[in-house]
Amino acid sequence: MSDRTAGRGNSKSSSDGRGDEASGRRQIVKFSFYRVDPAWRRLPVAERDAGKDALVAAVDAFSGRLQVRSYSVVGMRGDADILLWQIGERLEDIQALATEVMRTPLGPYLSMPHSYLAMTRKSQYVSPAEAEARLHLHPAESKYFFVYPFVKTREWYQLSLEERQEMMNVHIAVGRKYPSVKLNTTYSFGLDDQEFVVSFETDEPADFLDLVMELRGAKSSLYTLRDTPAFTCISLGLRETLDTLGAPGDPVSAAAAQATGEQWQRVADDADVPEGAAKMVYFAGEQVALVRAGEQLYAVANRCSHANASLADGTVADGALTCPSHGSTFELATGEPSCGPANRPLTTYAVRTEDGGIWLAQREPVPGSTSGA
Ligand code: FES
């Protein structure tokens, strides 16, 4: 279990985090689970599309004040459809976004069956450097997100710090056995009903399951009062998240198209990717970087095979894409790394343009492909 958060440094705070709270450096974190009234699915397609467009625009308008990540919970639970994970500095921004979402044409059809408010805070059980790093969340762009509220027994708080530290050392050691799982612990004491909201980002759901199961055997688990409901969420762009709501007349989703044998899916407008630029899109639930180099259009996995950076934020030159994090360079035609530290190739996709759009398909097998890459 990794925690790759990073602080801003220059801390003047005390080790319990109160100084950071006073200086406003801690973050407000909100998990808003929305459910859509089935009546919305009976609206005409154009009305539904207008509602989705308005909601996307409402969230986009907050990009300067909040980090907002969208996830689909459709098919994972019966009581929620969408998660908006929001990270910001002010409660007022969280409230204003909720208001704007409700003002969209989709708003009258939305309820919020689960809502968790929390803040970042320094952990008292880790090193000072790690505690500092936890003041700021840095979402990992992983495909899966697991969230649950958490309450400890009151007996836990009566134990000495040494006793708690001993148990937490075991807990932390178990977590470190699962580096593919990134933990984000946030604190809700007094802000909301739970004491913590714990969230995990990973591309490997099986690793998360094994981690949680192993933690049940740790002594600290005896002091858990409540850690439900638990949510399994799939990371998608907001528009793609809304598309998973599904309704009669909707175009088939990329994932469903794959299941039904359809191969090519329109993922962007041709004009969205100018020469020398890259754009991240979702295809079959995966992040894909569309890249135009000269006349040629390419599509490769968006996450760097070294440490998951978003390659759509990289630079394009000489038919290659360079990662913005540590400089790995990948050949766009093959996905092969030509310069490290990455040493694994990227998945490449078949790409074509038609009717003013950019279309993707899995590269294998694509009989009769008119791939432009
Ligand atoms: S994340 Fe791309 S080179 Fe390290």
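Residues numbered from 1 in each chain as written. Predicted model: local features only at pLDDT ≥ 70, side-chain atom pairs only at ≥ 80, totals over all residues. Heavy atoms only, no water.

S.K.: Residues and numbers for the environment of Asp270, please.
M.R.: Within the element layout of this structure, Asp270 appears in the loop between strand 10 (265-269) and strand 11 (278-283). At 2.6 Å, the side chain of Asp270 forms a polar contact with the side chain of Arg292. (Helix = DSSP H or I, 4+ residues; strand = E, 2+ residues; numbered from the N terminus. Polar contact = N/O pair within 3.5 Å; in protein donor to acceptor, adjacent residues only side chain to side chain.)

S.K.: Residues and numbers for the nonpolar core, please.
M.R.: Judged by nonpolar contacts, the single largest core of 22 residues is most densely connected at Leu55, Leu110, Leu238 and Leu242. Those elements that provide at least two residues to this core are strand 1 (28-36), helix 2 (45-60), strand 3 (82-88), helix 3 (91-103), strand 4 (110-119) and helix 8 (238-243). The contacts of Leu242, once residues within four sequence positions are left out, are Lys52, Leu55, Val56, Ile82 and Leu106. Counting residues in hydrophobic clusters, the runner-up holds 17 residues, among them Val29, Tyr71, Ile87 and Cys233. (Core = buried A, V, L, I, M, F, W, Y, C linked by side-chain atoms within 4.5 Å. Buried < 20%, exposed > 50% of the residue type's maximum accessible area, 1.4 Å probe, protein only. Contact = heavy atoms within 4.5 Å.)

S.K.: Give a detailed account of the environment of Arg103, specifying residues and quantitative values.
M.R.: In this fold, Arg103 is placed in helix 3. On the accessibility criterion, Arg103 (61% relative accessible area) is exposed. Note: C-alpha distance between Arg103 and Ala54 (49 residues apart in sequence) is 9.1 Å. Here the side chain of Arg103 touches Glu100 through a polar contact of 2.8 Å, side chain to side chain.

S.K.: Kindly report on the sheet that holds strand 12 (residues 286-293), identifying the contributing residues and their values.
M.R.: If you walk across this open sheet you meet the 3 strands as 11-12-13, and the pairing is antiparallel. What marks the edges here is a single partner per strand, and that holds for strand 11 and strand 13 (296-301). Strand-to-strand twist of the sheet, defined as the mean angle between neighbouring strand axes without regard to direction, takes the value 30°. The pairing of strand 12 with strand 13 spans 6 bridges and is classified as antiparallel. Residue Val291 lies in a different strand from strand 13, and its bridge partner there is Tyr298. (Pairing = 2+ DSSP bridges. Axes fitted to C-alpha atoms, helices over the stretch in contact; angles between N-to-C directions.)

S.K.: For the pairing of strand 12, give the residues involved together with the corresponding values.
M.R.: Across the 8 residues of strand 12, 7 count as buried, placing the element largely inside the fold. As defined by bridge partners, strand 11 adjoins strand 12 across 6 bridges and the pair is classed as antiparallel. Across the sheet, the residue bridging to Val281 is Val288, located in strand 12. If you look at the hairpin formed by strand 12 and strand 13, you'll find 2 residues sitting between the two strands, and Gly294 has a positive phi there, around 65°.

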